[in-house]
Amino acid sequence: MAGRLSLPEEDLTCPICCTIFRDPVVLKCTHSFCAPCLQQYWTVKGQRRDCPLCRTQNLDDPVPSLTLKNLCESCVQEEESHDREETEREMYCDPGEMCPVHNEKLKLYCLLDKVPICVVCHTSRKHKQHDCCPVSEAVLDVKEKMKLAISTLQEKTEAFNKMKKNFEDTVTHIQDQARFVERRTHEEFEKLHNFLRVEEESRMEALKRDEEQKTGEMRQMIETIKENISSMSETIRVLMEEMALEDISVLHVIMAPAALIDVAKYIGSLTFQVWEKMQKITQYTPVTLDPNTAAPWLVLSDDLTSVHDSDEKQRLPNNPERFDPDTAVLGRHGLSSGKHAWEVNVGDNTAWVVGVAKESIKRKEKVSSVLNNGYLCVYFYHKMYFAGTSPLTRLTLKRNPQRIRVQLDCEKGKVSFYDPHNNAHIYTFKHAITEAVFPYLWVGCQKSPLKVEPVDVFLKLAEFS
């Protein structure tokens, strides 16, 4: 209770001695002082009995303040109790903090042996002349190291969380890719199924018509025979006359040529005949674009034959094969031998690069598509054409080609570019192909997509000598 009613220490301090009141008294002016201090002050002043603070004359004797005395005594008791607790706290020491050899408090830390010691240990042979510091400083050093370790672990945890998020996003992307391939596969096979169903129905209808026609002819002949049988005598006469004819003539009369169904027409090389018709609904594109290499700003067509630029960056895994930030994409298959050719429809696109790129090119930084960086390409930029040499070679063309044909000869180390409209030569690189190269497209304009054109496929029969 005393603690809750006590005043701040400054309110319990004598203005003369600046300590807690001893035998406090109060004057008529309400100012309080220690009785001995006030008497000493008045003794010095002689006959004047004024207040040391406000100088008011006091003819009456000072009045003892019992309430203030009780508050002061409570404050002194609290301070003494607090001091005793501090002393006891200092005297008390956890047994684990006591030196097991000298039974003294472990106040020092040996920097050499990395152990806490007491002051007696410090003078012993074991730790003599060892550098030491107070335990409190060693604790602070350990705490600083722990803070640094915690900070490092937190940074690593954040990095792992980012990696985890990246892997989770990659899993989602893989699942999206699987669903896309599944959908496209179903669509393509459904086209083939529909074609085969229609072709089968068409052949079945033709067979049915053929069957009905030939069956009708046979039935008509049967009816004719029935009519002949109705007139027995006439039939006998006719048969007698026919018997006089040659055997072969008799057969011609009984059954006309091509009376049976032409089975060979329907099932001879059936799958080949169907395949020939299927060429009208199927296409072959010599280059398939690889979506795993496409920059996040590029959008590929569902059949992976065309690409266009966009303003929106897609959320795609940052896998090593992917271009980022360069807006480029590679073909799916690397080429290291033989001859290859494909055409790219550039249309009205005003910023493009077409050619091949080595497998070892840098994909995570923006670099020029030039020979020194692993590219063999031609450019169209700022209404000008260039070959990707170092420095660039300005090309002068008679017309703006709508298509660019790329011809690669790996054995001769040649990459040539042509305008297929008039077969005009644009440029040829002569560079040894020492590693796999991939068809390469770079897009810097959203005006129109770049599209790899399909080619005609012809069947060649084997020749026998």
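Quantities reported herein were computed from a predicted structural model and do not represent experimental measurements.

Engineer: Any chance you could explain the overall build of the protein chain here in plain terms?
Structural biologist: For the protein chain, the count of helices and strands is nine helices and 19 strands. Counting across all 465 residues of the protein chain, residues that qualify as buried make up 30%. Across the protein chain, contacts joining residues at least 24 apart in sequence account for 56% of those joining residues at least 6 apart. When the accessible surface of the protein chain is totalled, it reaches about 32000 Å², and 56% of it is carbon and sulfur.

Engineer: Hey, could you run me through the pairing of strand β10 (residues 339-345) in this one?
Structural biologist: Each regular strand shows side chains that alternate between the opposite faces of the sheet. Pairing analysis gives seven bridges linking β10 to strand β15 (residues 403-409), with the strands arranged antiparallel. Bridging from a neighbouring strand, A341 pairs with Q407 of β15. Examined bridge by bridge, β10 and strand β19 (residues 450-452) share two bridges and lie antiparallel to one another. The residue bridging V344 from the neighbouring strand is V452, located in β19.

Engineer: What's the story with unusual backbone geometry in this structure? I'm lost.
Structural biologist: The phi torsion of most residues other than glycine is negative, and most of the peptide bonds are trans. The omega angle of the peptide bond from D324 to P325 is 20°, so this bond is cis rather than trans. Note on placement: P325 falls in the loop between β8 (306-309) and β9 (328-330). Of note, the bond from S390 into P391 is cis; its omega dihedral lies within 30 degrees of zero at 0°. Relative to the assigned elements, P391 resides in the loop between β13 (384-387) and β14 (393-395). Unlike most non-glycine residues, C18 shows phi in positive territory, near 60°.

Engineer: Even after reading the chapter, I still don't get the nonpolar core, so can you show me in this structure?
Structural biologist: Note that soluble globular proteins tend to have their nonpolar side chains buried in a common cluster. Core analysis: the biggest nonpolar cluster contains 53 residues, and V307, W352 and Y440 have the highest contact counts within it. Discounting chain neighbours no more than four positions away, the residues touching V307 are L289, L298, V299, L300, V329, L441, V443, P449 and L450. Among the nonpolar cores identified, the runner-up in size contains 18 residues, and F33, C34, C51 and L68 belong to it.

Engineer: Can you help me understand the pattern of salt bridges in this one?
Structural biologist: Two side chains bearing opposite charge may form a pair once their charged atoms approach each other closely. Per the stated rule, a full pass over the model turns up 23 salt bridges. The partner of R203 in a salt bridge is E199, with the nearest N and O atoms 3.0 Å apart. One end of the pair is R203 and the other is E199, both in helix α5 (residues 135-230) and four residues apart, which spans about a single turn. Accessibility assignment for this pair places R203 and E199 in one class, buried. Under the relative-accessibility criterion, E199 is labelled buried at 8%.

Engineer: What should I look at first to understand empty space enclosed by the protein in this one?
Structural biologist: If a probe as big as a water molecule is rolled over the atoms, it shows which places are left empty. Summed over the entire model, instances satisfying the criterion amount to one cavity of 30 Å³ or more. Of the volumes computed, that of the largest cavity is approximately 30 Å³. Along the walls of the largest cavity sit V287, L289, W342, V344, V354, G355, P439, Y440, L441 and V452, which together make up its complete lining. Within the residue set of the lining of the largest cavity, elements represented by two or more residues are β10, β11 (352-358) and β18 (437-443). Element by element, the count of residues in the lining of the largest cavity is highest for β18, at three residues.

Engineer: Teacher, can you tell me more about the sheet that holds β14 here?
Structural biologist: Sheet strands associate in pairs through backbone hydrogen bonding, adopting either a parallel or an antiparallel arrangement. Strand order in the open sheet formed by six strands is β9-β18-β11-β12-β13-β14, and the pairing between neighbours is antiparallel. Here the strands that pair on one side only, and so sit at the sheet edges, are β9 and β14. Geometrically, the sheet is characterised by an average inter-axis angle of 25° between neighbouring strands, direction not taken into account. Bridge count for strand β12 (residues 375-381) against β13 is four bridges, and the pairing is antiparallel. If you follow V378 over to β13, its bridge partner there is A387.

Rules behind the numbers
- Residues numbered from 1 in each chain as written.
- Predicted model: local features only at pLDDT ≥ 70, side-chain atom pairs only at ≥ 80, totals over all residues.
- Heavy atoms only, no water.
- Helix = DSSP H or I, 4+ residues; strand = E, 2+ residues; numbered from the N terminus.
- Buried < 20%, exposed > 50% of the residue type's maximum accessible area, 1.4 Å probe, protein only.
- Contact = heavy atoms within 4.5 Å.
- Areas by Shrake-Rupley, 256 points an atom, 1.4 Å probe, with all protein chains shown as cover.
- Pairing = 2+ DSSP bridges.
- Core = buried A, V, L, I, M, F, W, Y, C linked by side-chain atoms within 4.5 Å.
- Salt bridge = Lys/Arg side-chain N within 4 Å of Asp/Glu carboxyl O.
- 1 Å grid on protein atoms, 1.4 Å probe; cavity = no way out; pocket = protein on both sides within 12 Å on 5 of 7 lines; lining within 4 Å.
- Points joined across faces, edges and corners; volume = space filled by probe spheres on them.
- Axes fitted to C-alpha atoms, helices over the stretch in contact; angles between N-to-C directions.

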